[in-house]
Each structure stands twice: as structure tokens, then as C-alpha cells.
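Residues per chain are reported as follows:
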Amino acid sequence: MHFQKSLPRLPIPDLSKSRDRYLNAIRPLLAKDQYETAVKRTDKFVNNEGKELQSKLVNKDKMNKQTSYISDYWFDLYLRDRSALPINYNPLIVFQNDLRPDYNDQLLRTSNLLVSAVRFMMALREQILEPEVYHLQPKKSNTPLFRTVTGLLPESLSWYGAYLFKAFPLDMSQFVGLFNATRIPLVGKDKIFRDTSCNHVVVQRNGHFYIFDVVDSNGNILSPTEILGNMSQIMEDKTPKAEYPVGILTTQNRDVWAKQRIYLEENGNQETLKKIDSAIFNIVLDDETIDDNKHKILTNYLHGDGLNRWFDKSFSLITTKDGVSGINFEHSWGDGVAVLRFFEDIYKETTTKPFITPDSRPSKNNITVKKIEFNLDDKSKNFIVNAKNEYSDWCNSLSIDYILYEQLTKEACKKLKVSPDCIMQLGFQAAYHLLHGKYVGTYESCSTSAFKHGRTETMRPCTDKTKAFCDLLHSKKASDQELRSLMQECSLYHSNLTKEAAMGQGFDRHMFALMKIAEENHMPRPEIFDSYEYKYLNKSILSTSTLSSPSVLAGGFGPVVKEGFGIGYSAFADKLGAAVASYKQHNNSSEFVQALQKSFEDIRKILSY
């Protein structure tokens, strides 16, 4: 937390600049007359109630200098939503397999990841975890000199010292949300529960729950072989699969689950639930085998069958029978920056300096495994049966596919002076246009963690320039030279939008905060927020997010609207990849992937001109 005190605060954008950015984002989506109406409506808002709301927002921000203007509103947005967590909100990230096959054994790999995860947590608890820093020029700043100089500076000045090295420390406030935390369902609005005094993990296997301590009474982590001993005991339990797996209840609408949870608590399950809620995190031992089936990876880590999950936990570390490991995480407490840092650290340690080897033998010391049981009456069992059927139908309604395109790589894009992120987003726009002949609301998540309590900003990748490119591409009326020139314009504009968003200069969070300020002050709801254009823009038909890291095998999430696509993507050193999810009733992800393949081929041809 060394840089935390001196982190800059998330800026509130100038109202007139948000006006311009908003109009630029809606222009490619609207007909000429719709756009003209939108301009009049937007100007009316900016010149009237917008001014008052901006003033109130700025004043509120000045009174709350310990946080950002968006933080509380963003937590509230997540916790009030009554939609079920899996598919709608919880993303997946899957680790690359260990290059040594022996280390991909389910028990060995899970135990190693558990040891590393607890070491990460202890470093965080003891405030010695290295701060997360974005290095603009890593060769100059990611050095012992940087650490020494910034480490010697007082906390109130440390950020400025990092800035002189062209390095940007990132907000670390979300990291505490990783451990000992659960999102508790309550009617109307959930809450995040934390209890850092607890030293146990919860393990799910065959729908059953087990707990054991990983930190002893003196505050020391158990030895790796003691952790292996506890995990072995769970693996050796021959109890058949649970007939009524309570975890399935976490797959439901939040109000439905909240009422059922109250019923469970009133019927003698309060302590059992508390043990799950307060656990450091959740470990899931799955009976599935992946067998290098990419489709199976996506379905298993995005939703599974729900019988061996607890989607409310801050995150679940899931390992299949053949040792494929990954994370499914609850999203309200934090974003990808904290999860990815944790993910990368434990992957690196387990693949370079594992504490348990194939020759390790489980220790019999400190075995504290307890199976925790639920007291279920007929009404509770009925909850489970209904949830199981509904979840099965819901999962079966999904269409999931993926693309790995090896003819375009991250490095090739950079050599040709085009942003790899822009190329992927251009591919998504071209694919959708190829299938539907139009342009729709597109959401690209961008982190604002360079600021104190920053969360995310929306980058709007559908622009006038991408529209012009796709129109020309599909009309076949332009030469490759013209298209390449236009593509470079797209890339430059895309990069500027990304920089603006990362620097807190988008418009989405700003407009959302202005809407919340009106609510808070019991003012009439401004017309702009109920307008056709605002709703059309914010219906994210293409919801996209990227997590690029050498340790990531796959990442993804579900569509955020019934008619939409959820697209998790990465530009790898040797290929471009995307996981695409949609609902069969409205879309076919395989058709979209085929259109994306065609778009990438078109783009590659233009780039190689």
C-alpha cells in the first residue's frame, strides 16, 4: 500500500467534453434524423439540468477525497442487480497447463496453487505484497533502483517519484476483496461479507463441502506436505455425489436465493453457511476431464452444471480430474486487475518454484479436515431440485464457441503500426456487420486503476471510422491501399479513445454518476437517460473485455443482454483468440466465429498489401 496515499484521484470529466464524446459514440449507430434529435436533446441537458448535476457531483467529490466519485455508485450497481451471478456476471480465467505433465495431476496441482495462493494472501495481510505498477518503459523503471528510490520516499510523495520513472502505481484497494469474502444475497440489495480472522479454506467435491485450516493458531502457513495431507484426505473420501447439492442455489435470481438462504438459516444451517462465507476462498475439485477440449474448458469454467459450485464466493479455484485449473470470480468486489495479478503470481510460482513435487508425501500432522453438512428438510430439497432443472435449461440455452487465428499476431500488428486491440475490435465490428448489416452498442472494458479507487471506464470501439472501414470493406468498392490507410486511422483513433478512458476521460461513468446524483437529490430524472439513443448505446450487444497474459489459456464471460454476445479476447504473441458466448434463441456463436474468421482474413490481406 506504499503508493496508495499519493495516488491521484479519478478526475470528473468536463461536461462539454463528455457531451462531445457521447455524441461521437452514438453517431455511427443512428440514422441522420435520429442523430439530429439526439444532439438537440443532449445540448438541452448540458445547458440546463446537466450544469446543476455537474456542480453537485463536483461538490460531493470534494467532500469524499478518500475515494473516487464512481466507487460507491459502482458497488451499488452490482449489489442491487437481481440477476443470477453465473453467466451474467462471473467471468472465467483458465491457467495454461504446467509444461511438466506430472505437475498437472489434480491433487498435486491444486495443492501447489493452494500453497501459493495462501502465501499471496499472507503477503497481503502483512502489507509486504509488492505494489502493482504499470511500467511505461519497463527496462528503465522495472529495476532495483526504482524500488529503492520509491521505497525511500514518504508514502505521501511516493507516486510522484514513480511518475518521474514513467511508471504508474495502480490502486491496491480491491486486493482485500480476494480473500475471506462472499457476496451474501439479500432481498433488494446484496452485501459483501468479510472476516479476515478466519484461517480455513472451503473445498467442494461431488457437491459436498469440506473445510480445513491452512494457517495455524500462531499465524503460520501449514507446511506444503501438511496442506497436501489435508487435500489427500478429501480426495480419498468415497462418499457418493451429493443427492441435494446446496451450491446449485447460488445459480438463481438474487431475491429468490436470498429468501431461500433465510429459510436455510432458520432451519439450523447458520453456522454451516458462515463457514463457507468466511473461508479464505473456495476450492473446487471437479470430476470432469477436459482432454484439451476448448469448448469444454469454456463451459466448465463459465458455468459447469452448478452442482459443485458456490458462485457467491469472491473466487473459486477450480481443477478438473486431468489437472486443468482456472478461476471463476464474483465481480462486485473488484475487477480484472486484482484477479489477474493474483492469477499471474500463483501461476509463476507453481510452475517455476513449486512447493510440492510428484515425489512429495502427504504429512499426517495438522489434519483438520471436517465435512460440513446442511440440514435439509423437504422444502429445502425442493428448492434444490427446482434450481437444478432451471439452471440446466439456462446453460443449455447458451451457444459458446471460440476462435484461434494464427495468421495474425500481436507482434505483426505492432510492426505494421496498428494496435492489436484495434484489429480485434475491428474484427468484431466487421463480423457483426457481415451477419446483420448494421452497427450496435459495443462495450470494451478499460481499467481506471491508475487512480485511487478507480474501477472501470467504457471504451466505445464502434466509431465513425470503424463504420466507414466496414462499409467500404463489404461494399468491395475500395482498394487495399485505401482500406489500409483507413485501418491506420481507425487504430490511431482507437488508441486515443483507450488512453482517454484509462485516464478517466471517458463519458459513460460520468453520465451514470450524473444520473445517480439526480436520484440522490430527488430531482426529476433527466429526459436524456430515457431517450432512445442512450438506451440503444447502453444495450451492449457486443460486450467485450481482454485479459492478455502468457499465463492465461482462456478467459470469457456470458452475454450481458439476451440478444448480445459476450466476447473475451486476447492478442497472444503467436495468435489472436476470442471466446464467444450468446443465447441460441437470438444468436449462433459459431456463425459469429465464422464471420470473425472471414474478417480476420480480410484484415490480414489488407495488412499484407
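The rules behind these values
- Residues numbered from 1 in each chain as written.
- Predicted model: local features only at pLDDT ≥ 70, side-chain atom pairs only at ≥ 80, totals over all residues.
- Heavy atoms only, no water.
- UniProt positions renumbered as here; feature names shortened; annotations may be inferred.
- Helix = DSSP H or I, 4+ residues; strand = E, 2+ residues; numbered from the N terminus.
- Expected span 1.5 Å × (residues − 1).
- Buried < 20%, exposed > 50% of the residue type's maximum accessible area, 1.4 Å probe, protein only.
- Contact = heavy atoms within 4.5 Å.
- Salt bridge = Lys/Arg side-chain N within 4 Å of Asp/Glu carboxyl O.
- Domains from an automatic or database assignment.
- Pairing = 2+ DSSP bridges.

## Examining the UniProt feature "domain: Choline/carnitine acyltransferase" (unreviewed entry) in the chain
Here is step 1: Residues annotated by UniProt as "domain: Choline/carnitine acyltransferase" (unreviewed entry) correspond here to residues 10-598.
Here is step 2: In residues 10-598, the share of helix is 45% and the share of strand is 15%. The end C-alpha atoms are 40 Å apart.

## A look at helix 12 (residues 336-352)
Here is step 1: Here helix 12 spans 24 Å end to end across 17 residues, near enough to the 24 Å set by a 1.5 Å rise per residue.
Here is step 2: Considered for burial, the residues of helix 12 that qualify are Gly 336, Ala 338, Val 339, Leu 340, Arg 341, Phe 342, Phe 343, Ile 346, Tyr 347, Glu 349 and Thr 350.
Here is step 3: Buried residues in helix 12 make contact with strand 1 (92-95), helix 5 (106-125), strand 9 (315-319), strand 10 (325-329) and strand 16 (552-556).

## A look at the pattern of salt bridges
Here is step 1: Applying the stated criterion across every chain yields a total of 40 salt bridges.
Here is step 2: Measuring nitrogen to oxygen at the nearest pair gives 2.8 Å for the salt bridge that ties Asp 61 to Arg 9. Pair noted here: Asp 61 is in helix 3 (residues 49-63) and Arg 9 is in the segment before helix 1 (15-26), with a separation of 52 residues, a long-range link.
Here is step 3: The exposure class of Arg 9 is partly exposed, given its relative accessible area of 24%.
Here is step 4: For Arg 183, the salt bridge is made with Asp 190, and the minimal N-O distance between the two is 2.7 Å.
Here is step 5: Connected via shared salt-bridge partners are Arg 82, Arg 183, Asp 190, Arg 254, Asp 255, Asp 312 and Glu 330.

## Some points on the domain arrangement of the chain
Frequently, the measure chosen for interface size is the accessible area removed from exposure when the parts meet.
Here is step 1: For the chain, the assigned domains are domain 1 (15-66 + 406-607), domain 2 (84-127 + 175-372) and domain 3 (133-169).
Here is step 2: For domain 2 and domain 3, the distance between their C-alpha centroids amounts to 34 Å.

## Overview of the pairing of strand 6 (residues 200-205)
Here is step 1: Taking burial as the measure, the six residues of strand 6 include six buried ones, the bulk of the element.
Here is step 2: What you see with strand 6 is no split at all: His 200, Val 202 and Gln 204 on one side and Val 201, Val 203 and Arg 205 on the other are buried throughout.
Here is step 3: Bridge analysis of strand 6 against strand 7 (residues 208-213) gives six bridges, and the strand direction is antiparallel. By the bridge assignment for strand 7, His 200 is matched with Asp 213.
Here is step 4: Counting the residues between successive antiparallel strands, the hairpin from strand 6 to strand 7 contains two residues, one of them, Asn 206, with a positive phi of roughly 55°.
Here is step 5: In terms of strand pairing, strand 6 meets strand 8 (residues 282-285) through four bridges, oriented parallel. Following the sheet pairing, Gln 204 is matched in strand 8 by Val 284.

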